[in-house]
Amino acid sequence: ISSVGAGLVGGGGMIRQRGEGPAAAAENTNKVDSSAVTRADVRWDGVLGYVGDAIYRLNPTMPLIPNETSKVKSSWYIPPERTFLEVCIVYPCLALYFWQMDAGNPTLEFSSWHPAPGSTPRTITNTDKIMGLACAVDSILLLYTKILRGRQWFMLQPCNIWPIILTYICLSNSNLSTWLFNFYIHVMWGSWLGVLAADLRDYTSTIEIIFFFVHHAVIILVPIMYLSWGMIPIYPMAVFGTWAIQCMQHYGIYLPVSILSGWHIQYMCHPPKQLRVMEHNYRIVMIVGSFGMSWMTQTLAVSLSGNRKRFLGLFDMFSLCVLFSALGVVFVRTPDKTLKNY
């Protein structure tokens, strides 16, 4: 993308600091604090530099270097010029897909997402109500904790939205609830990663950590139980469609909100610990990787549907993952017995 940017301005778009943005600027200043790095140090030359200036002015107080001890604050780790180029690539592709979907193109995957002719809505059982209640309680507690810490914007994150949607799925037998369930089994790999690669740097109490794992257990086990019982119809795979919606969420909602609010929503401004090695390419890696993960998750869901034995095996595997993650949190502590530097 950097090469494309240089070409757009006819050779005048060579990037300062060899195109590495704030990270290189920090490196060249012997990793001093972010106040020593200015916008001029990382600004691209040429036309894209002026575009970047306009984007940068949306939130000039946002630091150029991410805070290593916190994951909740946004930064300009990825230069605004590069963000502009990524948006110019992603948005037209999404616009084309959704225009085709609006035109009723029969080749699109979602065209087959509808109930089978003659099928009847499922009956809402006491089990549905119990799981719906669990999801509702989880949603209320989650909202309360976000309000308590002044982090309401983080309710936009998928892991925080899905308990609310799962409450509706459990208590409704409408076509919409079936559609949402089928969408979730394409993207619930994100909830699994939330447990397996938990980033707990901003959690300061044991209660918060326990709730983190309980919350993820709810949004993972509820759909797995529905799959094992075969209670909700499984529609054909729609990896490209669900992937397009995820791209729209990240570049159309999470990225603008992260820039304007200063809160780091869904890792759209700097990478999680596991993707630091990708540096400024991490967003592209996340987007491309989500396509394969969606395919894997939906394939697993189909194999699990109506199969109690496989469900129990997956349940045991998930339980072990939660157990080992929790043990790691308990025994790997910082000297002052807090997790603020995690």
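Structure first, text after, so check above.
Structure report, in brief. (Residues numbered from 1 in each chain as written. Predicted model: local features only at pLDDT ≥ 70, side-chain atom pairs only at ≥ 80, totals over all residues. Heavy atoms only, no water.)

With respect to the packing of aromatic side chains
Then, in step 1: Across all of its chains, the model carries twelve aromatic pairs by this definition.
Then, in step 2: Ring centres of W113 and Y235 lie 5.8 Å apart, and the angle between their planes is 45 degrees; this geometry places the pair in the tilted category. With W113 in the loop between α5 (80–102) and α6 (126–148) and Y235 in the loop between α10 (206–229) and α11 (239–261), the pair connects residues that are 122 residues apart, well separated along the chain. Both residues of the pair, W113 and Y235, count as buried.
Then, in step 3: Residues Y203 and F212 carry aromatic rings whose centres are separated by 5.6 Å and whose planes lie at 70 degrees to one another, so their mutual orientation is edge-to-face. The same class applies to Y203 as to F212, namely buried.
Then, in step 4: Taken together, W113, W162, W179, F183, Y184 and Y235 form an aromatic cluster joined through their ring pairs.
Then, in step 5: Stacked on the ring of W263, the Lys or Arg K73 has its end atom at 4.0 Å from the ring centre. (Phe/Tyr/Trp six-rings, centres within 6.5 Å; stacked < 30°, edge-to-face > 60°. Helix = DSSP H or I, 4+ residues; strand = E, 2+ residues; numbered from the N terminus. Buried < 20%, exposed > 50% of the residue type's maximum accessible area, 1.4 Å probe, protein only. Lys NZ or Arg CZ within 6 Å of the ring centre and 35° of its normal.)

Observations concerning the environment of N59
Then, in step 1: If you trace the backbone, N59 turns up in the loop between α4 (47–56) and α5.
Then, in step 2: Using a relative accessible area of 9% as the deciding quantity, one classes N59 as buried.
Then, in step 3: C-alpha of N59 to C-alpha of W76: the two residues are 17 residues apart in sequence and 9.5 Å apart in space.
Then, in step 4: Those residues in contact with N59, other than ones at most four positions away along the chain, are W76, I259, L260, S261 and G262.
Then, in step 5: Within polar-contact distance, the side chain of N59 engages the backbone oxygen of I259 at 2.7 Å. (Contact = heavy atoms within 4.5 Å. Polar contact = N/O pair within 3.5 Å; in protein donor to acceptor, adjacent residues only side chain to side chain.)

Thoughts on the environment of R43
Then, in step 1: On the secondary structure map, R43 appears in the loop between α3 (39–42) and α4.
Then, in step 2: Distance in space between the C-alpha atoms of R43 and E81 is 8.1 Å, their sequence separation being 38 residues.
Then, in step 3: A distance of 2.9 Å separates the side chain of R43 from the side chain of D53, its partner in a polar contact.

A short note on the pattern of salt bridges
Then, in step 1: In total, this model carries eight salt bridges according to the counting rule given.
Then, in step 2: Between E86 and R283 there is a salt bridge; the shortest N-O distance is 3.0 Å. Within this pair, whereas E86 is found in helix α5, its partner R283 is found in helix α12 (residues 282–304), the two being separated by 197 residues in sequence. The burial state of E86 is the same as that of R283; both residues are buried.
Then, in step 3: With a shortest N-O distance of 2.6 Å, D199 and R201 are connected by a salt bridge. (Salt bridge = Lys/Arg side-chain N within 4 Å of Asp/Glu carboxyl O.)

Looking at the side chain of H215
Then, in step 1: Of note, H215 is situated in helix α10.
Then, in step 2: Its relative accessible area of 3% is what places H215 among the buried residues.
Then, in step 3: At a separation of 2.8 Å, a polar atom in the side chain of H215 contacts the main-chain carbonyl oxygen of C159.
Then, in step 4: Setting aside residues no more than four positions away along its own chain, H215 makes contact with D138, L142, C159, N160 and P163.

Things to note about unusual backbone geometry
Then, in step 1: Phi is positive for Y267, close to 55 degrees, though the residue is something other than glycine.
Then, in step 2: Summarising the element assignment, Y267 is placed in the loop between α11 and α12.
Then, in step 3: In this structure Y267 comes out as partly exposed when scored by relative accessible area, which is 21%.
Then, in step 4: The residue E279 is not glycine, and still its phi comes out positive at about 50 degrees.
Then, in step 5: Residue placement: E279 occurs in the loop between α11 and α12.
Then, in step 6: The partly exposed category is assigned to E279, whose relative accessible area is 40%.

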